[in-house]
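# Commentary on secondary and tertiary structure
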Amino acid sequence: MKTHLLPTLIAVLVINANQAAAAPAGSGDIGTVSAVDNSGTISFVPWGKTAADMEKVPTNAGTAVSLAAAAAKVADLKAGMWIKFDEIGGGGEAKRVSAGQFLAEDGDKLVIFKALPGEFLQRDVKDWYTNEAGGTRFKVQLMRSSGDPKIPGANLRPASYKEPAGGFVFYLPLTLKGAVLNYGGPKPGTTVPDADGKIVINKDTVTETYWQHPRNPNKPDLGSVSGLTELTIRKLPKAMP
């Protein structure tokens, strides 16, 4: 092969590779919102990817948006929200979209994972951080089975922490029904989600041990730290292919 043809061949290969990597978003795709422009086009980072992999999905006046399980508009979507493209039409425009904040304030309460699709906790991606709300932010650490793509559980551990006066309202995604929840000091029966997948963690549902986690187990003189130092979700059902 003549050497002067090599640059052209390399350029063609790079273009083809980029085109293959830039497949349009499809129904069921999940990720986080980067921005929404004035035309209603949603920029998002596919789940487990980086900003370099950002994709864009157009919308139209008929696009149905559900925000934390309530009807909303495309303009209500904000950077950092989780998003699921429930349905994308043949022309590439989103027809139905679900979205929400990983953490959200509700008066004196902090709401965790309301309406979150179960895929966000079942997919084997790098451990990730929630947004910050009410002075609290969690790192979500996935449990992984050796030699099996199943994710059996997840730990929510505070990356920044401020105990909300009204406590926490946690929602287990409904597709993960049957998972086992645990945190320090629950009263009997309080970790069983209701029909909406909800559990409440506040002064009425916890024992004194909730407030007695050692600040450093190796240094008792440092005293205890109060609050939700860890929330564990175990026995997650296996994700559908």
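Use the structure listed above.
Residues numbered from 1 in each chain as written. Predicted model: local features only at pLDDT ≥ 70, side-chain atom pairs only at ≥ 80, totals over all residues. Heavy atoms only, no water.

### A word on the overall build of the protein
Helix and strand content of the protein: two helices and 18 strands. Out of the 241 residues in the protein, the part that is buried amounts to 37%. For the protein, restricting intrachain contacts to residue pairs at least 6 apart in sequence, the fraction spanning at least 24 positions comes to 53%. When the accessible surface of the protein is summed, it comes to about 13400 Å², and 54% of that surface belongs to carbon and sulfur atoms. (Helix = DSSP H or I, 4+ residues; strand = E, 2+ residues; numbered from the N terminus. Buried < 20%, exposed > 50% of the residue type's maximum accessible area, 1.4 Å probe, protein only. Contact = heavy atoms within 4.5 Å. Areas by Shrake-Rupley, 256 points an atom, 1.4 Å probe, with all protein chains shown as cover.)

### Observations concerning the sheet that holds strand E12 (residues 153-160)
The five strands are arranged E10-E11-E12-E18-E14 in an open sheet whose pairing can be described as antiparallel. In this open sheet, the two strands that pair with only one neighbour each are strand E10 (128-129) and strand E14 (180-183). Sheet topology places E12 next to strand E18 (residues 231-234); four bridges connect them, and they run antiparallel. Each bridged residue has a counterpart across the sheet, and for Ala 154 the counterpart in E18 is Ile 233. (Pairing = 2+ DSSP bridges.)

### Examining the pattern of salt bridges
Per the counting criterion, the structure on display carries eight salt bridges. As a salt-bridge pair, Arg 96 and Glu 87 come within 3.1 Å of each other at their nearest N and O atoms. We classify Arg 96 as partly exposed; its relative accessible area is 40%. Measuring nitrogen to oxygen at the nearest pair gives 3.5 Å for the salt bridge that ties Lys 109 to Asp 108. (Salt bridge = Lys/Arg side-chain N within 4 Å of Asp/Glu carboxyl O.)

### Comments concerning the sheet that holds strand E13 (residues 168-171)
With mixed pairing, four strands are arranged side by side in an open sheet as E8-E9-E13-E15. Unpaired on one side and paired on the other, strand E8 (103-106) and strand E15 (198-201) mark the two borders of the sheet. Along the sheet, successive strands turn relative to each other by an average axial angle of 20 degrees, direction set aside. One ladder, built from three bridges, connects strand E9 (residues 109-112) with E13; its direction is parallel. Within the sheet, the bridge partner assigned to Ile 112 lies in E13 and is Phe 170. (Axes fitted to C-alpha atoms, helices over the stretch in contact; angles between N-to-C directions.)

### With respect to the packing of aromatic side chains
Under the criterion given, the structure shown has 13 aromatic pairs. Cluster of aromatic residues (ring-pair linked, three or more members): Trp 47, Trp 82, Phe 102, Phe 113, Phe 120, Trp 128 and Phe 170. (Phe/Tyr/Trp six-rings, centres within 6.5 Å; stacked < 30°, edge-to-face > 60°.)

### Considering the pairing of E15
Going residue by residue along E15, you find Ile 199 and Ile 201 tucked away on one face and Lys 198 and Val 200 left uncovered on the opposite face. Relative to E15, E13 runs antiparallel, the two sharing four bridges. The residue bridging Val 169 from the neighbouring strand is Val 200, located in E15.

### Topic: the side chain of Thr 63
Structurally, Thr 63 is set in the loop between strand E3 (55-57) and strand E4 (64-67). Within polar-contact distance, the side chain of Thr 63 engages the backbone nitrogen of Asn 60 at 3.0 Å. A polar side-chain atom of Thr 63 sits 2.7 Å from the main-chain carbonyl oxygen of Ala 94. Setting aside residues up to four positions removed in sequence, Thr 63 forms contacts with Val 74, Ala 94, Lys 95 and Val 97. (Polar contact = N/O pair within 3.5 Å; in protein donor to acceptor, adjacent residues only side chain to side chain.)

### Let's talk about the environment of Leu 67
Within the secondary structure, Leu 67 sits in strand E4. Among all residues touching Leu 67, those that are not within four sequence positions of it are Ala 72, Asp 76, Leu 77, Met 81, Ala 99 and Gly 100.

### Overview of the environment of Pro 214
Among the structural elements, Pro 214 can be located in strand E16 (residues 213-214). For Pro 214, a relative accessible area of 48% translates into the label partly exposed. With ten residues separating them along the chain, Pro 214 and Ser 224 place their C-alpha atoms 4.2 Å apart. Sequence-distant contacts of Pro 214, defined by excluding residues within four places in its chain, comprise Gly 223, Ser 224 and Val 225.

### As for the nonpolar core
Judged by nonpolar contacts, the single largest core of 35 residues is most densely connected at Phe 113, Phe 170, Ile 201 and Ile 233. Those elements that provide at least two residues to this core are E9, helix H2 (119-122), strand E11 (137-143), E12, E13, E14, E15 and E18. Counting residues per element, this core draws most heavily on E11, at three residues. Those residues within four positions of Ile 233 in sequence are excluded, and the remaining contacts are Leu 121, Met 143, Pro 152, Gly 153, Ala 154, Leu 156, Phe 170, Leu 172, Ala 179, Val 180 and Leu 181. Formed by 16 residues, the second largest nonpolar core is a distinct cluster that contains Val 65, Leu 77, Met 81 and Phe 85. (Core = buried A, V, L, I, M, F, W, Y, C linked by side-chain atoms within 4.5 Å.)

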